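Working through the structure, step by step
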Amino acid sequence: MPVQTPCNKICTIDPITGLCRGCGRTLSEIAQWSALTDDARARIMAELPERAARIPRPVPAAKSA
């Protein structure tokens, strides 16, 4: 069975890391995903948890009283 896309429809590229905040892929990987081999997709999928840890998360704004 082919490796499925990790896309979760949160498509915003972090300007510092160059990674999608939703799935952790680069723009190049996103654009080439359908043309990649299953092995290449599996390699990228294995890297995504570590990549996600590098993406800065916005700090929620404080609620005013």
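Residue numbers here run from 1 along each chain, matching the order of that chain's written sequence. It should be noted that, the model being predicted, local features are given only for residues of pLDDT at least 70 and side-chain atom pairs only at 80 or more, the latter also being counted only at that level, while totals for whole chains, interfaces and linings use all residues. Note that water and hydrogens are dropped before the side-chain values are worked out from all heavy atoms of the structure.

A tally of helices and strands in the protein chain yields 2 helices and 0 strands. The C-alpha radius of gyration of the protein chain comes to 14 Å, more than 25% above the 11 Å expected for a compact globule of 65 residues. Dimensions of the protein chain, computed from C-alpha atoms along their principal axes, come out at roughly 55 × 20 × 20 Å. Counting over 65 residues, the protein chain shows a buried share of 25%. Secondary structure elements are taken from DSSP: a helix is a run of H or I of four residues or more, a strand is a run of E of two residues or more, and numbering for both begins at the N terminus. Computation of the radius of gyration draws on C-alpha atoms, with the globule rule given as 2.2 Å multiplied by the number of residues to the power 0.38. Only protein chains enter the area calculation, which uses a 1.4 Å probe; residues under 20% of their type maximum are buried, those over 50% are exposed, and those in between are partly exposed.

Next up on the list: the pattern of salt bridges. Criterion for a salt bridge: a side-chain nitrogen of Lys or Arg within 4 Å of a carboxyl oxygen of Asp or Glu. Counting across every chain of the model gives 5 salt bridges. Across the pair Glu-47 and Arg-43 runs a salt bridge, and its minimum N-O distance is 3.1 Å. Taken as a pair, Glu-47 and Arg-43 lie in helix α2 (residues 38-54) at a separation of 4 residues, close to a single helical turn. When its relative accessible area of 46% is taken as the criterion, Arg-43 is described as partly exposed. In this structure, Arg-54 and Glu-50 form a salt bridge, with 3.1 Å as the shortest nitrogen-oxygen distance. Residue Arg-54 and its partner Glu-50 are located together in helix α2, separated by 4 residues, close to a single helical turn. By relative accessible area, which is 44% here, Glu-50 ends up partly exposed.

With that settled, consider a nonpolar patch on the surface. A cluster of nonpolar residues, Ile-13, Leu-27 and Ile-30, forms a patch on the protein surface that exposes about 240 Å² of accessible area. You can see Leu-27 is positioned in helix α1 (residues 27-32). When its relative accessible area of 55% is taken as the criterion, Leu-27 is described as exposed. Residues with no salt bridge and a relative accessible area higher than 30% make up the patches, which join like charges within 9 Å and nonpolar side chains (Val, Leu, Ile, Met, Phe, Trp, Tyr) within 5 Å. Only the protein chains shown count as cover for residues, and all accessible areas are computed by the Shrake-Rupley method using a 1.4 Å probe.

Let us look at unusual backbone geometry. Residue Lys-9 is not a glycine yet carries a positive backbone phi of 70°. Structurally, Lys-9 can be placed in the segment before α1. For Lys-9, a relative accessible area of 70% gives the class exposed.

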